[in-house]
Structure formats: C-alpha cells, structure tokens
Amino acid sequence: MKPLRIVGTTLLATALTIPLVAPATAASLERHQPPGHAKKDTLRAAAPKGFVIGTAVAGGGHHESQPYPDPFTSDEPYRAALAREFSSVSPENQMKWEYIHPERDRYNFAAADAIVDFARRNRQVVRGHTLLWHSQNPAWLEQGGFSKEELREILREHIFTVVGRYKGRIQQWDVANEIFDGEGNLRTQENIWIRELGPGIIADAFRWTREADPKAELFFNDYGVESINAKSDAYLALIKDLRAQGVRVDGFSAQAHLSMRYGFPADLADNLRRFSRLGLETAITELDVRMDLPESGTPTDEQLATQAEYYQRTLDACLSVRGCDSFTIWGFTDKYSWVPVFFPAEGAATVMWDDLTRKPAYFALQDSLKEASNCRR
Ligand code: 9MR
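Residues numbered from 1 in each chain as written. Predicted model: local features only at pLDDT ≥ 70, side-chain atom pairs only at ≥ 80, totals over all residues. Heavy atoms only, no water.

Trainee: Which residues make up the nonpolar core, and what values go with them?
Mentor: Core analysis: the biggest nonpolar cluster contains 104 residues, and Trp-173, Ile-179, Trp-193, Phe-220, Phe-327 and Phe-332 have the highest contact counts within it. In contact with Phe-220, other than residues within four places in its own chain, are Ala-176, Ile-179, Ile-202, Phe-206, Tyr-235, Leu-238, Ile-239, Leu-242, Val-249, Gly-251, Phe-252 and Ser-253. Grouped together as the second largest cluster of nonpolar side chains are five residues, Ala-56, Trp-330, Val-339 and Ala-349 included. (Core = buried A, V, L, I, M, F, W, Y, C linked by side-chain atoms within 4.5 Å. Buried < 20%, exposed > 50% of the residue type's maximum accessible area, 1.4 Å probe, protein only. Contact = heavy atoms within 4.5 Å.)

In structure tokens, the structure reads:
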C-alpha cells in the first residue's frame, strides 16, 4: 500500500473528521468494480478526453415481450455495468412518444426521469431519442383524425414539454429520426408529420427544440447512412438547404446496425467527413453487429473475430473524423439485444455475453480507445 502523502496538518485534521468509508448507497454501489476487473479497466476509462462512449438503456419496446422484468430498473449487475463502462446513455424506448406521451393530455416521465437521474449520478451525458419519427407513436396520435393546425400544435407542445423538462441535461437530441427511405425520398406516407404537414415541419421541429434547450446539440439520425449513398446524400442536401434557410442543425448521426451478411461499410469515415466539412458534429448512435448463428447458437471464433473487426473499424472511423465525439452501442449484452427478436436466426450482436463477460469485440473497442488516448495525449 502506498504511504499517504500528508499535505498539511489542518487539512489532515479536517480530513480525519470525515468517515474514511462512505456508507454504501445505490449510487456508490453502481460504481463498484466486479471481482477481477481493475478499476480503470472499462471502456469509459480507456476513452480519450472529450470522447463519450455510450449505450442504449434497455427497457420498453421489445423487452416487454421477453421473459424477464424491465432490465434497467431490476437487473443490478446490468446497472452496475451500465454505470461502470459508459459515459453516455440513450433511452432505448423510454423517451419515444408511445412511452413518454401515452395520452393526448398525459405525459409519463417516470422511466425517462430515472435514466436522466442515473446519468447524473454516474457522470454520464444523455442522448435524447427521439422527437419526430414515423414509428412507436401512440394510437391516439396516429389515429386521432387531427386537423393540420391541431397536429402542428401537438408536436410543438410535445417538444417544448419534453425538451424543456430535460433542458441542460441532454447532450444531443435526435430531433428527427429516419425521415428518408432507402432511395433517399422523404417518408411522405409513413411519417405522420411529413404526410400531414409537409417537409417544412422538419425545420420547425429543429427550431422548437433549439428554443426549448439552446445548449443541446440537435441531430438527424438514421440507419443505412453509414456509406455514401442515396440516403446519406439526401441528408447532406437537406442539411445544406436548412442552413440556407437559417435553421441550425448541429449534427448527423449514423445508427450503424451492421450485419456480417453485408460486409463492412468501408467508406464510413469518408462519409462522416463530408458532414464534418460542413462544420457538423457526427456520431455513431446505435452500433451493433449481428451474424447468422450456427445451429449450436454459439458463434464460432472466426465469427467473433470478424465481429470484433467490425466494431473496431466503426470506432476507428469515428475517432478519425473531427467532430465525431460520441460513439454509442445499441445495448452491451446479448441478454437484452433487440436483434434476435427482430431477425430470427441472427444474434450475438453485442460486445458482452448474457452473463456480462466480455467478447473479443469489447476488447477491440477498448484497444482502439486506449490507442486514441495515447495518441491524443
Ligand atoms: O431497440 C428498440 C426496440 O426495443 C424496439 O422494440 C424497436 C421498435 O421499433 O426499436 C428499437 O430501437 C430502434 C431505434 O429506436 C431506432 N433505430 C433502430 C432501432 C432498432 O430497431
């Protein structure tokens, strides 16, 4: 044990009046290390200064059909890992309309509040997800038969209420999520806002969010935009257009739900750089890497190695682009991943096994973070 360095008698006297071991609170327990892991042996400790490493916080959505209780509120080892490993959290479902605004005149903030409080206790930033989307909207909204004026007011009020409630506590908001289809056309049918109110509502959503929380960074977020393609081109054009109208957009993020079936999007860094050159932030917001599982259900060593490579290349791409300072994986344990629920026969998409032990992909991320920390020092 290292001898204590005595700074000064007054200080020492004061220090001795403070109990040496703080009482174990829920928050302090969350910071405890599991046996066998050194204190600094985490993803967040490995990350370079100013670079946040995040995860989705499991709850709602597909979890409700699974044979386990709500992960975030009931799984203590899960919570401990969430606090220990990550410096950013994204509510997986808990801030979506169907959860946070279940009836026209009623909001339900309990689940989102719990995540934002957890983040504060554990010195984590939060990515808000999401305000304008075509999916996971409540029936009262989708089937309410509202007039254009009513709909516009409903969105405005929702944004001011939700964004206002968490003002100063959200680092990045996914203001608009998945507004283009694969061909780069606006989703004019599926997306109630664009269908009923026209594309101008997108600019309004950004303006209202900015007004409600001037310090949050406001993003467009989508999947299938990792490469230079019709969809990412459409975002680039839209963002330029919005800027020309004086609407400030801060960032563009690629979800990065990758599948080993399709190969790695090798132009990811080049694509992000196009946005960075406009002065925008970029981010990876929902990375996971799914694979076809063998009959045994357990990936082969070769599959795990390929998966690790995909994770690492995605991180390295982000680290290489100026302004890509936020990197989030969509869940960290296979136990709670959305993948097998949505893609039968595929799975093992996250960086930890069900029992929270680490896969090669975890170590690949940790290595890249450490290397970036050493280079940037
Ligand atoms: O992980 C989420 C899952 O629990 C929900 O059931 C699903 C419903 O659409 O949404 C999942 O999260 C999505 C995210 O909000 C937006 N990008 C795609 C994600 C995976 O479907």
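Trainee: Just give me the short version of the environment of Glu-103, but keep the residues and values in it.
Mentor: Structurally, Glu-103 is set in the loop between α6 (97-100) and α7 (110-121). Given a relative accessible area of 42%, Glu-103 falls into the partly exposed group. The spatial distance from the C-alpha of Glu-103 to the C-alpha of Trp-140 is 6.6 Å, given a sequence separation of 37 residues. (Helix = DSSP H or I, 4+ residues; strand = E, 2+ residues; numbered from the N terminus.)

Trainee: Help me get a handle on the pairing of strand β5 (residues 217-222), residues and values and all.
Mentor: Within β5, five of the six residues are buried, leaving the element largely enclosed by the surrounding structure. Both strand β4 (residues 172-177) and β5 contribute to a ladder of five bridges, which runs parallel. Paired with Gln-172 across the two strands is Glu-217, which belongs to β5. Running through helix α12 (residues 230-244), the crossover from β5 to the neighbouring parallel element strand β6 (residues 251-254) is right-handed. (Pairing = 2+ DSSP bridges. Right-handed = clockwise from strand over helix to strand, strands pointing away.)

Trainee: So what about the pairing of strand β9 (residues 324-329)? Which residues, and what values?
Mentor: Most of β9 sits out of view: five of its six residues are buried. Across four bridges, the pairing between strand β1 (residues 52-57) and β9 is parallel. Directly across from Ile-53, in β9, lies its bridge partner Phe-327. Here strand β8 (residues 281-292) pairs with β9 via three bridges, running parallel. Within β9, the residue paired with Ile-284 across the bridge is Phe-327.

Trainee: Describe the packing of aromatic side chains, listing the residues and the values that go with them.
Mentor: Evaluation of the coordinates by the stated rule reveals 19 aromatic pairs. When the ring of Trp-338 is compared with that of Phe-343, the centres are 5.5 Å apart and the planes differ by 70°; the resulting orientation is edge-to-face. The interplanar angle of 80° and the centroid separation of 5.5 Å between the aromatic rings of Tyr-362 and Phe-363 together place this pair among those described as edge-to-face. When its relative accessible area of 0% is taken as the criterion, Tyr-362 is described as buried. (Phe/Tyr/Trp six-rings, centres within 6.5 Å; stacked < 30°, edge-to-face > 60°.)

Trainee: Quick rundown of the packing of helix α14 (residues 301-320) against helix α16 (residues 360-376)? Include the residues and the values.
Mentor: When two helices pack together, their arrangement is given by the angle between their axes and by how far apart the axes lie. Packing of α14 against α16 leaves a shortest axis separation of 8 Å and a crossing angle of 30°. What the angle tells us is that α14 and α16 run roughly parallel. You can see that α14 and α16 cross each other, and the crossing is right-handed. Where α14 approaches α16, its residues Leu-304, Gln-307, Ala-308, Tyr-311, Gln-312, Leu-315, Asp-316 and Leu-319 are matched on the opposing element by Pro-360, Ala-361, Ala-364, Leu-365, Asp-367, Ser-368, Leu-369, Ala-372 and Arg-376. Among the residues forming the contact of α14 with α16, the class breakdown is eleven nonpolar, three polar and three charged. (Axes fitted to C-alpha atoms, helices over the stretch in contact; angles between N-to-C directions. Parallel < 35°, antiparallel > 145°, perpendicular 65-115°, else oblique. Left-handed = near helix turned anticlockwise from the far one by under 90°. Nonpolar A, V, L, I, M, F, W, Y, C, P; charged D, E, K, R; others polar.)

Trainee: How would you explain helix α13 (residues 268-276) if you had to name every residue and give the values?
Mentor: Of all nine residues in α13, seven are buried, a share of seventy percent or more. Within α13, burial applies to Leu-268, Ala-269, Asn-271, Leu-272, Arg-274, Phe-275 and Ser-276. Along its buried surface, α13 packs onto α12, β6, β8, α14 and β9.

Trainee: Describe the side chain of His-158, listing the residues and the values that go with them.
Mentor: Within the fold, His-158 resides in helix α9 (residues 148-165). Beyond its immediate chain neighbours, meaning those up to four positions away, His-158 contacts Trp-97, Ile-100, His-101, Tyr-107, Leu-131 and Val-163.

Trainee: Got a sec to walk through the state of the cysteines? Specific residues and values, please.
Mentor: Tallied over the full model, the rule gives one disulfide. One disulfide in the model links Cys-318 with Cys-324; its S-S distance is 2.1 Å. Because the torsion about its S-S bond is -100°, the bridge between Cys-318 and Cys-324 counts as left-handed. Residues Cys-318 and Cys-324 agree in their burial class; the two are buried. (Disulfide = S-S within 2.5 Å.)

Trainee: Lay out the side chain of Gln-255 with the relevant residues and their values.
Mentor: By the element assignment, Gln-255 lies in the loop between β6 and β7 (257-259). Within polar-contact distance, the side chain of Gln-255 engages the side chain of Asn-177 at 3.3 Å. Ignoring any residue separated from it by four or fewer positions in sequence, one finds Gln-255 in contact with Asn-177, Glu-178, Asn-221, Asp-222, Tyr-223, Glu-226, Ile-284, Thr-285, Glu-286 and Leu-287. (Polar contact = N/O pair within 3.5 Å; in protein donor to acceptor, adjacent residues only side chain to side chain.)

Trainee: A description of the pattern of salt bridges should follow, citing residues and the corresponding values.
Mentor: This structure, assessed with the given rule, holds 24 salt bridges. The closest approach of N and O atoms between Glu-346 and Arg-261, which form a salt bridge, is 3.6 Å. Note that Glu-346 is positioned in strand β10 (residues 346-347) and Arg-261 in the loop between β7 and α13, a separation of 85 residues in sequence. Between Asp-270 and Arg-273 there is a salt bridge; the shortest N-O distance is 3.2 Å. Here the residue Asp-270 and the residue Arg-273 both occupy positions in helix α13, the gap between them amounting to three residues, near one helical turn. Via salt bridges that share partners, Asp-41, Arg-84, Glu-85 and Arg-358 belong to a single interconnected network. (Salt bridge = Lys/Arg side-chain N within 4 Å of Asp/Glu carboxyl O.)

Everything listed here is a matter of coordinates, which is why it stays silent on function.
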